[in-house]
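# Descriptive structure summary
Below are the chains, spelled out letter by letter.
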Amino acid sequence: MKPLHLGVALDGYGWHPEARQRTLAIDPSAEPATSGRHWVRLADIAERGLLDFLTIEDTLDAGQPAVRGDAVLIAARIAPATRHIGLIPVATVTHTEPFHVSKAIATLDYVSHGRAGWQVRVSPTARSAALFGRRDAPAPGELFDEAADVVEVVRRLWDSWEDNAVIRDVSTGRYIDRDKLHYIDFAGRYFSVKGPSITPRPPQGQPVVAALAHTAPVYEFAAGTSDIVFVTPSDVASLATILAEIDAAGGEHLRVIADLVVGFGIDAGLTSDALVFGGAPSELVELLLAWQDAGVDGFRLRPAVNATDLPAIADRVVPELQRAGRFRNSYRDGETLRQRFGLPDAVNRYASVRVP
């Protein structure tokens, strides 16, 4: 049996629409979701539970104005306060230049010593387009075509420096070997990017790229761009259908991670694209093991209320998985996020073709 991957998706106070009120009812002095201490506390709990990764939500498309920090910057705040857990912030691509995304995630990989990832998200609404004012909302058929180009540009920019391009040669005064920097010369329908990046190649070479997918076209997008795909089955039968659709889309290489919203005993009032689970931790473990046996690689749990459900995941769910022999008992020192997911070493596309 392959190791079970387990992570959490963090969003403000939690995924329940009353998460803030429930949190303040428990602890009136709780830090606001704009506080770095709030996010470090959540990350500490997740790392206490030996979780593979956490994701940090971000969106431009909230129906109402939302109090929200930038997910990549939040991850950078968490990174030096943690040692092991993978950090996968959402970064939207529809209105964001790929050059900025590439250097932001590369920087996060440096700050976290190889624990960075990136969840790609599109922004389809006219409201989000109006926030920027540069263009109308893209047509639905263009959203993921453009996103695929963004990921391609970002990945090329990560490779635009060879791993040993920084030489810091005191005797000659040369800091960089310019022969090991490469123009990417990307010319597509949406972007023309020359490169190279201004940030050296990340420690992982290629930080882990993830996508959330619900339909066949997005499975195809994930298969062509990503390492991980988050999916939303409702039961074992729907999971089997999703796995077959991912394979048909060319996604055999993807690590498939199933999303569930978890509110132990408080599923009332929760609606979601993912299955909402409101039972006991032991019942959740039974479900996770059954779905792993059905072929999923792991799970991303969305705590309904972070203050109560995240500690229950770390302190009640994880020990039962350990007793079942399905989850680690410790982290491996120095393990990168790519290594944790069993992904191959990222070969630099430019170094491999460079003439000696």
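This is a predicted model, so every value here is computed, not measured.

### Comments concerning the nonpolar core
Of all hydrophobic cores here, the largest spans 84 residues; its most connected members are Leu54, Trp118, Phe299 and Leu301. With near-sequence residues (within four places) excluded, Leu301 lies in contact with Leu6, Gly7, Val8, Ala9, Leu260, Val262, Leu284, Leu288 and Ile313. Counting residues in each nonpolar core, the second largest holds ten residues, with Ile88, Ile228, Phe230 and Leu337 among its members.

### Comments concerning the UniProt feature "binding site: FMN" (unreviewed entry) in the chain
UniProt's entry tags Asp58 with the feature "binding site: FMN" (unreviewed entry), counted in the numbering of this structure. Along the chain, the position of Asp58 falls in the loop between strand S2 (53–56) and helix H3 (71–78). Contact partners of Asp58, with chain neighbours within four places excluded, come to Arg68, Gly69, Asp70, Ala71, Val90, Thr92 and Arg121. At 3.0 Å, the side chain of Asp58 and the backbone nitrogen of Ala71 are in polar contact.

### Let's talk about the pairing of strand S9 (residues 208–212)
Burial analysis of S9 places four of its five residues in the buried class, which makes it a mostly covered element. Relative to S9, strand S4 (residues 117–121) runs parallel, the two sharing four bridges. Paired with Trp118 across the two strands is Val209, which belongs to S9. Alignment of S9 against strand S10 (residues 228–231), held across three bridges, turns out to be parallel. Residue pairing for S10: Leu212 is matched across the bridge by Phe230. Taken together, S9, helix H7 (residues 216–225) and S10 constitute a β-α-β crossover, and its handedness is right-handed.

### Examining the side chain of Arg121
Secondary-structure assignment places Arg121 in strand S4. The contacts of Arg121, once residues within four sequence positions are left out, are Glu57, Asp58, Thr59, Val90, Ala91, Thr92, Val93 and Thr94.

### Notes on helix H10 (residues 306–323)
Between the first and last C-alpha of H10 there are 24 Å, a value that for 18 residues agrees with the 26 Å anticipated at 1.5 Å per step. Along H10, the sharpest change in direction is near 35° and occurs at Ile313. Residues of H10 that are buried include every one of Asn306, Asp309, Leu310, Pro311, Ala312, Ile313, Ala314, Val317, Val318, Pro319 and Leu321, and no others. Positioned one or two residues after H10, Gly325 has a phi angle of 75°, which is positive.

### Here's the deal with the packing of aromatic side chains
Counted under the stated rule, the structure contains five aromatic pairs. These aromatic residues form a ring-pair network of at least three members: Phe53, Phe230 and Phe341. The cationic tip of Arg300 hangs over the ring face of Phe230; the distance from NZ or CZ to the ring centre is 3.8 Å. The ring of Phe327 carries Arg328 above its face, with NZ or CZ at 4.9 Å from the centroid.

### Focus on the pairing of strand S13 (residues 298–303)
Burial of S13 is extensive: six of the six residues sit out of reach of the surface. Side-chain alternation along S13 places Gly298, Arg300 and Arg302 on one buried face and Phe299, Leu301 and Pro303 on a second face that is also buried. By the bridge criterion, four bridges tie strand S1 (residues 5–10) to S13 in an arrangement that is parallel. Within the sheet, the bridge partner assigned to Gly7 lies in S13 and is Arg300.

### A word on unusual backbone geometry
The peptide bond linking Gly195 to Pro196 adopts the cis configuration, its omega dihedral lying at -5°. When you line up the elements, Pro196 lands in the loop between strand S8 (192–193) and S9.

### A short note on the environment of Arg20
Mapped onto the elements, Arg20 comes out in helix H1 (residues 19–26). Sequence spacing of Arg20 and Asp177 is 157 residues, and the spatial spacing of their C-alpha atoms is 51 Å.

### Some thoughts on the pattern of salt bridges
Inspection of the entire model under this criterion finds 25 salt bridges. It is possible to trace a salt-bridge network through shared partners that takes in Glu152, Arg156, Asp159, Asp163, Arg201 and Arg349.

Cut-offs used in this document
Residues numbered from 1 in each chain as written. Predicted model: local features only at pLDDT ≥ 70, side-chain atom pairs only at ≥ 80, totals over all residues. Heavy atoms only, no water. Core = buried A, V, L, I, M, F, W, Y, C linked by side-chain atoms within 4.5 Å. Buried < 20%, exposed > 50% of the residue type's maximum accessible area, 1.4 Å probe, protein only. Contact = heavy atoms within 4.5 Å. UniProt positions renumbered as here; feature names shortened; annotations may be inferred. Helix = DSSP H or I, 4+ residues; strand = E, 2+ residues; numbered from the N terminus. Polar contact = N/O pair within 3.5 Å; in protein donor to acceptor, adjacent residues only side chain to side chain. Pairing = 2+ DSSP bridges. Right-handed = clockwise from strand over helix to strand, strands pointing away. Expected span 1.5 Å × (residues − 1). Bend = angle between axes of the 7 residues up to and from the residue. Phe/Tyr/Trp six-rings, centres within 6.5 Å; stacked < 30°, edge-to-face > 60°. Lys NZ or Arg CZ within 6 Å of the ring centre and 35° of its normal. Salt bridge = Lys/Arg side-chain N within 4 Å of Asp/Glu carboxyl O.

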